[in-house]
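Coordinate analysis (summary)
Residues per chain, in single letters:
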Amino acid sequence: VTGRGAWAGVAIVVGTMIGTGIFIVPADMARTVKSPGLVFAVWIVGGLLSLFGTFAYAELGAAIPEAGGEYAYLNRGFGPVWGFLFGWMHSIVGRSSSIATIAAGLLLFWGFLDPRVLTPLATIHYSLPWSATHYTFVFTLAMPLSVAAIAAVTFVKYLGVRLRGQGSVALTVLKSPRIRAGNLGRFTLGRHHAGGSAAHARHAQSRCHSTTRRLC
């Protein structure tokens, strides 16, 4: 925070909490459970768990004021072996998968603007020797573009800590209005849809009553 500034520190925290998943996961959740109430319940429970985790991290940070985050906490609490295993897993698996998810989300939304990005260029069918299941690998232009996006962001981070902080602030400023506009649109369109559905139901009910009277 000292090298980046207070605004960059806030932007990093906000960007960590509001990641790419908020733009991708809710649609899949709603499509799976088919209930807005369940979707909201899952997000509320997840928010409470995140809040409890925040309290735990705040307590650990105050009790162990050392650089390293989880590595320092595990190293102090359980020994250097667990700290090393966490650091290795975080660098090789955890952080890499997170970066890949962000790049995939970027190209997914890019595909909405330019469908050519997601158009299959080559398809490979294969199976593993120990499995009877057949798999399909589809190569699209999004794959090399996502690699290029990761390389570009890595280069920006390489240029310096202060420039990296400015980039975090800019991305957070772009992300926040998008979330507010999306929430406003959902509530507005949802209310309009609910009103239209209610009017349609009243119209259908009145037609049913008039038809019943004619039959009588």
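To keep things clear, this report deals only with the structure shown in the data block.

Here is what the cut-offs are and how they apply
- Residues numbered from 1 in each chain as written.
- Predicted model: local features only at pLDDT ≥ 70, side-chain atom pairs only at ≥ 80, totals over all residues.
- Heavy atoms only, no water.
- Helix = DSSP H or I, 4+ residues; strand = E, 2+ residues; numbered from the N terminus.
- Buried < 20%, exposed > 50% of the residue type's maximum accessible area, 1.4 Å probe, protein only.
- Contact = heavy atoms within 4.5 Å.
- Areas by Shrake-Rupley, 256 points an atom, 1.4 Å probe, with all protein chains shown as cover.
- Expected span 1.5 Å × (residues − 1).
- Phe/Tyr/Trp six-rings, centres within 6.5 Å; stacked < 30°, edge-to-face > 60°.
- Salt bridge = Lys/Arg side-chain N within 4 Å of Asp/Glu carboxyl O.

Quick look at the overall build of the protein now. What the protein contains, in helices and strands, is seven helices and two strands. For the protein, the N- to C-terminal ordering of α and β elements is α-α-α-α-α-β-β-α-α. Evaluated residue by residue, the protein yields a buried proportion of 12% over its 216 residues. In the protein, once contacts between residues fewer than 6 apart in sequence are set aside, the share between residues at least 24 apart is 39%. When the accessible surface of the protein is summed, it comes to about 16400 Å², and 72% of that surface belongs to carbon and sulfur atoms.

Further remarks concern helix 6 (residues 142-159). In an α-helix, one full turn covers 3.6 residues, which means residues spaced three or four apart are oriented alike. The end-to-end C-alpha distance of helix 6, which contains 18 residues, comes to 26 Å, matching closely the 26 Å that a straight helix rising 1.5 Å per residue would cover. The secondary structure elements touched by the buried residues of helix 6 are helix 5 (80-113) and strand 2 (134-140).

On to the packing of aromatic side chains. Under the definition given, this model contains three aromatic pairs. Considering the side-chain rings of Y57 and Y73, the 6.3 Å spacing of their centres and the 65° angle between planes classify their relative orientation as edge-to-face. Note that Y57 is positioned in helix 3 (residues 36-63) and Y73 in helix 4 (residues 70-77), a separation of 16 residues in sequence. When the ring of F109 is compared with that of F112, the centres are 5.6 Å apart and the planes differ by 80°; the resulting orientation is edge-to-face. With a gap of three residues between them, F109 and F112 both fall in helix 5, about one helical turn apart. On the basis of relative accessible area, F109 is assigned to the partly exposed category, the value being 27%. Classification of F112 as exposed rests on a relative accessible area of 57%.

Attention now goes to the pattern of salt bridges. Opposite charge on two side chains permits pairing when their charged atoms draw close. Applying the stated criterion across every chain, the model contains two salt bridges. Across the pair E66 and R76 runs a salt bridge, and its minimum N-O distance is 2.2 Å. Of the two residues, E66 sits in the loop between helix 3 and helix 4 while R76 sits in helix 4, which places them ten residues apart along the sequence. Judged by its relative accessible area of 39%, E66 is partly exposed. With a shortest N-O distance of 3.0 Å, D114 and R116 are connected by a salt bridge.

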